[in-house]
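Observations on the model geometry
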Amino acid sequence: MCIRDRLINRLLDMGYLQIAGRSLTFKEILEIANYIRKHGAIQLCNLIVLRKEKKSAAPLKWGDEMEYHLVLFDHTKKKVKLLLHAKDFQDLYNEATEKGEMAPEFFVQAEYGAWMLEVIPKAPHEEISTKVLAELEGYFKRQAHSVNSYLNKFGTIGISRIPSFPIMGAGDYAARFSEKDYNKLFPKADPQFMEETKDEPCSNEESVLPLNTSGNIYSQSIFTFDAAINPHPRFPTLTRNIRERRRKKVSIKVPLFMDECTRIANVSETAPYPECIYMDSMQFGMGCCCLQLTFEALSLNHARYVHDQLLALAPVITALSASSPIFNGQLANIDVRFTVISQAVDDRTDAERDPTSPDYIHKSRYSNNSHYVSSHECIMPHHNDSPRLPIDKELHAMILKAGIDSKLAYHFASLFIRDPLVVFEKAIELNDDESTVHFENFQSTNWNTVRLKPPPSMTSEIGWRVEFRPLDLQLTDYENACLAAFVSLLVKLVTTCGANFIIPISMCDDNMERAHRRGAVLNEKFNFRTNVMGSKEGLEESDYVKYGGNGGAEKEVVREMKVEEILAGNKEIGYPGLLPLIEELLKEDAGSEEERAKVKGYMDFLLKRAQGKYKTGAKYIRDFVSKHPEYKQNSLINEQINYDLMCELESLTHADPIKAYAESIH
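Residues numbered from 1 in each chain as written. Predicted model: local features only at pLDDT ≥ 70, side-chain atom pairs only at ≥ 80, totals over all residues. Heavy atoms only, no water.

1. Observations concerning the packing of aromatic side chains
Counting across every chain of the model gives 24 aromatic pairs. Measuring from ring centre to ring centre gives 5.9 Å for Y93 and Y150, while their planes differ by 80°; the resulting arrangement is edge-to-face. Of this pair, Y93 sits in helix α3 (residues 86-98) while Y150 sits in helix α5 (residues 136-152), placing them 57 residues apart in sequence. A single burial state applies to Y93 and to Y150, both of which are buried. Put simply, the rings of Y478, Y602, F605, Y614, Y620 and Y661 touch in pairs and so form one group of aromatic residues. Over the ring of Y661 we find R609, and its NZ or CZ is 5.7 Å from the ring centre. A cation over an aromatic ring shows up here: R622 above the ring of F257, its NZ or CZ 5.7 Å from the ring centre. (Phe/Tyr/Trp six-rings, centres within 6.5 Å; stacked < 30°, edge-to-face > 60°. Helix = DSSP H or I, 4+ residues; strand = E, 2+ residues; numbered from the N terminus. Buried < 20%, exposed > 50% of the residue type's maximum accessible area, 1.4 Å probe, protein only. Lys NZ or Arg CZ within 6 Å of the ring centre and 35° of its normal.)

Quick look at the structure:
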């Protein structure tokens, strides 16, 4: 039995597929798509009827999800590869945690790539407070140390925080252990073999299996290996069905960074778009790592309000997080991964991507949000100025009858314009009064910048939540703490102070495009609202549908501003700035002076990044590459550069990031 088959069997043993059975082909799904769609809407309606009044008490909890690459260093050959055994290490780490051998705060779960580890806390953060936020750097350090120290027991194996692995798709970028070493390292695979070879050393730096693209039945990629997809059937099925629905492979293109000696390749199968980096599989996007944050809401209306405010802020925060300048072994002229993922899962047909077609859908199912969802008075008709999505009127009417307003009903109905992508043969006819499986089929595969999340089940004690999704993973724990604290404080600001950042959706889309550009945090201007202070009076009392007083919500005054001005403010135009508003918020918190200083340090770091005093991760990576003796000013990253870069980034995680980023400017 091959290693991959044994991995799948271990998934079965753990109960991952206990009700699933075989995953359906897309052709089979099409035959029942309307059934899945209808019953997904019924399940949603049942959930809304039961849980729309669900309230959560303050202080509100929140949580983080951190994705890492599992990497194997070969210091003799000076190579580093993605190691396709994340599921094995996940199981062993979680078992060790349950036994009290590892930090009890975290557990690890699967992600798209067979090399990806997603670490999440066992319990959420109890509140958005100075005390909790001041501890974030230490919290992220403990998380990374816990996982890394466990992996190090197995050899030169560890985690990497770089969002996009530089040479993914460019040659021999991934590795699996040989049969012998696999059984040696993971005794559950074959206990008898483990006993017989217990005294033999593992050779995990040398004895790895070669991979090739010849067996790519799911992606049909000419660059990546299907063997690198997580073996849980959900992931290869997503890959195959996105391609089959699209009726061709996904096609990802991002602008190539044109250096002094960059050669524009002749049009070919591997380079069909001049001056662009071409990629052709879901792996390039869903194989990127990010930091995601989820916030508990007081109520459904509060969740909608926070959702919309974060949507308006998202592009600026995304630019601050930029850490993804390399794709498919080439320097890109963008710094952010978001568009790569958007294109990697774009299952629209040619007609659905054609603006002149009656079937036109203007965005990928992974995209910046197309509409605001709040019924608060600050959301005015002109703000939702995106093209209207072709929703099903019957489903929309059904959702309306569940007792919610037309704006929210439109949002939920818009999820169902997509086809279901992953259906298991034993999970079709379900009890709609108990299950949300069909609804989640659509909810979980509409990947937006910000996601409104209902309670996870009909009976869960968890309430309505908001998930913030666009952040690139940062290269150090300190930077991740800075961004997590910043977003959390913005949630608290809009919740308690009535801050209003709403601008038209078309401006948000334009801002998101600008956020991707190389050096955006320094060079780009963003459409941003200057009259940001609403009224906190009556906000919670109205359940986040209006401001108190007689003035009501004001129409936005928008100005193009650089990130520094957005953060620091501009007194001449009466714009207070995000960081001064946060500073006032922190004065009302009961934290100690030391804790306030720590959180203020996080905010100062982000401001200095916007001023060019500290680099973004993307700039740090670019500068390292440009100075490398192997780099030929041709935009190409070879294995030596990749190895040295990954070693450099590993060293960075042990350094003082403030000092390292400041020194790197000079």
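Resuming the write-up.
2. As for α3
Look at α3: 18 Å from first C-alpha to last across 13 residues, which is about the 18 Å you get at 1.5 Å a residue. Taking burial as the measure, the 13 residues of α3 include 11 buried ones, the bulk of the element. Restricting attention to buried positions, one finds in α3 the residues A86, K87, D88, F89, Q90, D91, L92, Y93, N94, A96 and T97. (Expected span 1.5 Å × (residues − 1).)

3. Concerning the environment of H438
Relative to the helices and strands, H438 resides in helix α14 (residues 437-443). Along the backbone, H438 and E593 are 155 residues apart, and their C-alpha atoms lie at a distance of 50 Å. With sequence-adjacent residues up to four places away left out, H438 is seen in contact with Y35, I36, H39, G40, Q43, A427, I428 and L430. (Contact = heavy atoms within 4.5 Å.)

4. Remarks on the pairing of strand β1 (residues 62-74)
Across the 13 residues that make up β1, a large majority, 13, are buried. Residue alternation in β1 divides its side chains into two sets, W62, D64, M66, Y68, L70, L72 and D74 and G63, E65, E67, H69, V71 and F73, and both sets are buried. Note that β1 and strand β10 (residues 291-296) share 5 bridges and pair antiparallel. In the strand pairing of β10, D64 is matched with L293. As defined by bridge partners, β1 adjoins strand β4 (residues 116-121) across 4 bridges and the pair is classed as antiparallel. Bridged to Y68 within β4 is L117. In the sheet, β1 pairs with strand β5 (residues 157-160) via 4 bridges, with the strands oriented antiparallel. Its bridge partner lying in β5, L70 is registered against I159. By the bridge criterion, 4 bridges tie β1 to strand β2 (residues 79-83) in an arrangement that is antiparallel. Its bridge partner being in β2, L72 is matched across the sheet by K81. Counting the residues in the hairpin turn of β1 and β2 gives 4 residues, including K78, whose phi is positive at 55°. (Pairing = 2+ DSSP bridges.)

5. Observations regarding the nonpolar core
Grouped together as the largest cluster of nonpolar side chains are 190 residues, with contacts concentrated most on L136, I399, F412, F486, F501 and L578. Among the elements that line this core, the one with the most residues is helix α15 (residues 477-497), at 14 residues. With residues near it in sequence (within four places) discarded, F501 still touches Q309, A312, L313, L493, V494, F528, R529, V532 and L578. (Core = buried A, V, L, I, M, F, W, Y, C linked by side-chain atoms within 4.5 Å.)

6. Thoughts on the environment of M168
With respect to the secondary-structure elements, M168 resides in the loop between β5 and β6 (174-177). On the basis of relative accessibility, which here comes to 3%, the residue M168 falls in the buried class. A sequence separation of 325 residues divides M168 from L493, and the C-alpha atoms of the two residues are 40 Å apart.

7. Remarks on the packing of helix α2 (residues 26-51) against helix α12 (residues 393-401)
The angle between the axes and the distance between the axes are what describe a pair of packed helices. Running from N to C, α2 and α12 cross one another at 15°; their axes reach a closest spacing of 9 Å. Here α12 runs roughly parallel to α2, going by the angle between their axes. Relative to α12, the crossing made by α2 is right-handed. Contact residues: R37, K38, A41, I42, L44, C45 and I48 in α2; L395, M398 and I399 in α12. (Axes fitted to C-alpha atoms, helices over the stretch in contact; angles between N-to-C directions. Parallel < 35°, antiparallel > 145°, perpendicular 65-115°, else oblique. Left-handed = near helix turned anticlockwise from the far one by under 90°.)

8. Here we look at the pattern of salt bridges
Close approach of charged atoms lets side chains of opposite charge pair. Tallying each qualifying case throughout the model produces 43 salt bridges. E461 serves as the salt-bridge partner of K54, at 3.8 Å between the closest nitrogen and oxygen. Note that K54 is positioned in the loop between α2 and β1 and E461 in the loop between β15 (450-453) and β16 (465-468), a separation of 407 residues in sequence. Relative accessible area serves as the criterion here: at 66%, E461 is assigned to the exposed category. Two residues, D172 and K81, come together in a salt bridge whose shortest N-O distance is 2.7 Å. Within this pair, whereas D172 is found in the loop between β5 and β6, its partner K81 is found in strand β2, the two being separated by 91 residues in sequence. Judged by relative accessible area, which is 30%, D172 ranks as partly exposed. One connected set of salt bridges, linked through shared partners, spans R37, R245, D347, E352, R365 and D419. (Salt bridge = Lys/Arg side-chain N within 4 Å of Asp/Glu carboxyl O.)

9. Describing unusual backbone geometry
Of note, the amide linkage connecting A58 to P59 takes the cis form, showing an omega dihedral of 0°. Of note, P59 is situated in the loop between α2 and β1. Residue R247 is not a glycine yet carries a positive backbone phi of 75°. For R247, the location among the structural elements is in the loop between α8 (234-246) and β8 (252-255). Residue D543 is not a glycine yet carries a positive backbone phi of 60°. When you line up the elements, D543 lands in the loop between β17 (525-529) and β18 (558-562). Judged by relative accessible area, D543 falls into the partly exposed class, the value being 23%.

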